[in-house]
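Notes for the structure review
One letter stands for each residue in the lines below.
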Amino acid sequence: WNEGTNVGLQEMACHPSAGPLLMLSLRVLTYAYCPKKQDWQQKSLNEEKDNFRLGIVEPQPKFGLDSPAHNLVKRILLLDVDDKVGDVIYGLSGEPRGSHVLETLMHISADEVHSQIFYKGGFNASLTEYVEHDVSNFVVQALLSTIRSKDQAELLLKGVEKLVTNGYVVNPSNRRIGILWRATELAAKFRIHQESLLKAIRIGCGLTRKSTLDEAAEDEGEKKKPRQKASSIPLQDCIPYLLDLKVPQIDGDRVTLCVAGTRAVFHLLRFSPRLCDDVLEGLTEKMSQYELELLAKDGLGSRCIWDGILDGKAEKNFLKATKSLLLKLNGRWVALASHRVGHHSVIKLFNFLDIEDKAILTSELAHMFNRLEGSAMGRSVIKACAVDAFLDGEKTWQNAVRKMQKDENFLNEIVEDNEGGKKKRKRKRKQSDLSGSEKPKVSAVDAISSIISNFKT
């Protein structure tokens, strides 16, 4: 790539075979000269293993300025040519292979280069055009998930809110719900535009539902009513609409959910607690017992919806929601406790409830103790909820629960002390590690460079 022309690099980025090779080269160069390699490696190891259910992007290394990767990026995007860089970014974003290269650059670029891509690519000014395109809308999603500064997040969220308000993003037929997913993730991350985004969702869902009803009435031959001014619908009614849950038609089939919409609801639950009331009510009141049970038995629904509620802070509205779940699924807890996925939600709910509500849940489980003992999932619930102790009496059970909580708090304190000690030791070693570190030598860099050169010849 050192000997090739800039135009040749852009052609490689759009080539079905050379494009992936160019992305791999950029990542190898980034890794080889990453200034904080150990930091991001450790951060990646500490991430939750099930974050893939949420679509959360794993921590990735960022190349430094004036590094080999940065020099290659400057030639691909023509960052030093102000009158051409915008056209290059615009062109790559709409090309099926080139868009993947551009998304890779958003993930591994230094903050300064990422800002150049954001501003010179005109994503704020031409956001509607980018979102409406079948390819470049995925580039916008990558941009939303990699925004580095609060100022950029505000500019982008203002544009996204307009697209949500007019119903384009939330309309299932447009297949742009992924934009809303990434926008809610960004709003939850930076704690900005949360109220305005919720208002946009109410208006957008109201418009979409109204247009759907009008089309249905027109198909049935009814006289079309005069167009009325758009009005929002309660946020509680928007939640089932975003989930788009379709119950299985045959026993044994899995429930069908809108993946992006379900993930968007998860991030809505990560908003400021005072804004979560309507979202929680939409889940606990607008969803039936059967639908909530299906969500608990589904990997995506359990991780995004049930864990979204049970991993929340012990605020009054979340405590009320868990109480509603406990009562609404009365009679179905044993079935969930025996399910491969559902038993996790039972254990989490037990840990979240207060002692009185714990007794209600355990009492129902104790009535079917023999059934729980017949499966590994049921036995794990028996152990986590001390169901066997409940059979010996409620006082014995309360003592067992308090002992479990005491042991858990003791272990958490030990883990926190160990993590604190490691951080202190890392700070002491930091200066010596930097002074004694050598530039890493990675033979793969030379190998990939020669492969690219051979490809061009």
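Just so you know, these numbers come straight off a predicted model, no measurement behind them. (Residues numbered from 1 in each chain as written. Predicted model: local features only at pLDDT ≥ 70, side-chain atom pairs only at ≥ 80, totals over all residues. Heavy atoms only, no water.)

Moving on to the overall build of the protein chain. Helices and strands together make up the secondary structure of the protein chain, namely 26 helices and zero strands. Sorting the 457 residues of the protein chain into buried and exposed places 47% on the buried side. When the accessible surface of the protein chain is totalled, it reaches about 24,400 Å², and 50% of it is carbon and sulfur. (Helix = DSSP H or I, 4+ residues; strand = E, 2+ residues; numbered from the N terminus. Buried < 20%, exposed > 50% of the residue type's maximum accessible area, 1.4 Å probe, protein only. Areas by Shrake-Rupley, 256 points an atom, 1.4 Å probe, with all protein chains shown as cover.)

This part is about the side chain of D307. Its location among the elements puts D307 in helix α17 (residues 299–310). Here D307 falls in the buried class, since its relative accessible area comes to 8%. Within the structure, the side chain of D307 is placed 3.3 Å from the side chain of K348, a separation counted as a polar contact. Setting aside residues no more than four positions away along its own chain, D307 makes contact with S302, G312 and K348. (Polar contact = N/O pair within 3.5 Å; in protein donor to acceptor, adjacent residues only side chain to side chain. Contact = heavy atoms within 4.5 Å.)

Take the nonpolar core next. Where a protein is soluble and globular, its nonpolar side chains tend to be buried together. Counting residues in hydrophobic clusters, the biggest one holds 126 residues, and the most contacted among them are L77, F123, L180, W333 and L365. With nine residues, helix α11 (residues 177–190) is the largest single contributor of residues to this core. The contact partners of L365, leaving out residues within four places of it in the chain, are W333, V334, A337, V346, L372, V381, C385 and V387. (Core = buried A, V, L, I, M, F, W, Y, C linked by side-chain atoms within 4.5 Å.)

Of all ten residues in helix α4 (residues 68–77), seven are buried; the element is thus mostly enclosed. For α4, every residue scored as buried is listed here: A69, H70, L72, V73, R75, I76 and L77. Elements that come into contact with the buried residues of α4 comprise α1 (6–13), α2 (18–32), α5 (82–93), α6 (98–108) and α7 (111–120). Just beyond α4, the residue with positive phi is L78, at close to 55°.

Take the packing of aromatic side chains next. This structure, assessed with the given rule, holds five aromatic pairs. Taking the centre distance of 4.4 Å and the plane angle of 25° together, the rings of F123 and Y130 count as stacked. Each of the two residues, F123 as well as Y130, counts as buried. Aromatic side chains W306 and W333 sit 6.1 Å apart centroid to centroid with 90° between the ring planes, which places their arrangement in the edge-to-face category. Of this pair, W306 sits in helix α17 while W333 sits in helix α19 (residues 333–337), and the two are 27 residues apart along the sequence. When its relative accessible area of 0% is taken as the criterion, W333 is described as buried. Following the ring pairs from residue to residue traces out a cluster consisting of Y90, F123 and Y130. Here the guanidinium or amino end of R182 rests over the ring plane of W181, the centre of that ring lying 3.9 Å away. (Phe/Tyr/Trp six-rings, centres within 6.5 Å; stacked < 30°, edge-to-face > 60°. Lys NZ or Arg CZ within 6 Å of the ring centre and 35° of its normal.)

Now for the packing of helix α10 (residues 150–165) against α11. With their axes 10 Å apart at the nearest point, α10 and α11 run at an angle of 140° to one another. With respect to each other, α10 and α11 are oriented oblique. Crossing handedness for the pair α10 and α11: left-handed. Of the residues in α11, those touching α10 at K150, A153, L157, V160 and V164 are I179, L180, A183, L186, A187 and F190. Here the contact of α10 with α11 is composed, by residue class, of ten nonpolar, no polar and one charged. (Axes fitted to C-alpha atoms, helices over the stretch in contact; angles between N-to-C directions. Parallel < 35°, antiparallel > 145°, perpendicular 65-115°, else oblique. Left-handed = near helix turned anticlockwise from the far one by under 90°. Nonpolar A, V, L, I, M, F, W, Y, C, P; charged D, E, K, R; others polar.)

What follows covers the pattern of salt bridges. What the rule picks out here adds up to 17 salt bridges. One salt bridge connects R182 with E185, and the closest N-O pair in it is separated by 2.7 Å. Here R182 and its partner E185 are both found in helix α11, three residues apart, which amounts to about one turn of the helix. Comparing R182 with E185, the two get one shared label, buried. (Salt bridge = Lys/Arg side-chain N within 4 Å of Asp/Glu carboxyl O.)

Here H267 lies in helix α14 (residues 259–268). Not counting chain neighbours up to four residues away, the residues in contact with H267 comprise W181, T184, E185 and A188.

With that out of the way, let us pick up the confidence of the model for the protein chain. Looking at the protein chain as a whole, the pLDDT averages 86, with 82% of positions reaching at least 70. Counted against residues more than four places away or in other chains, residues 224–229, with its pLDDT under 50, gives two contacts. (pLDDT = per-residue confidence, 0-100.)

Attention now moves to the environment of G312. Here G312 is to be found in the loop between α17 and α18 (316–328). You can call G312 buried: its relative accessible area is 14%. Spatially, the C-alpha atom of G312 lies 7.5 Å from that of R270, the residues being 42 residues apart in sequence. Discounting residues that sit within four places of it in the chain, G312 has contacts with R270, D307, F318 and F352.

What follows is about α2. The end-to-end C-alpha separation of α2 is 21 Å, in line with the 21 Å expected for 15 residues at 1.5 Å each. Residues A18, G19, L21, L22, M23, S25, L26, V28, L29, T30 and A32 constitute the buried set of α2. (Expected span 1.5 Å × (residues − 1).)

Even without glycine at this site, H193 takes up a positive phi of about 55°. For H193, the location among the structural elements is in the loop between α11 and α12 (194–219).

Below, the discussion takes up a nonpolar patch on the surface. Taken together, the side chains of F410, L411 and I414 present a nonpolar region at the surface, about 290 Å² in accessible area. Along the polypeptide, I414 turns up in helix α25 (residues 394–436). A relative accessible area of 34% places I414 in the partly exposed class. (Patch = residues over 30% accessible without salt bridge, like charges linked within 9 Å, V, L, I, M, F, W, Y side chains within 5 Å.)

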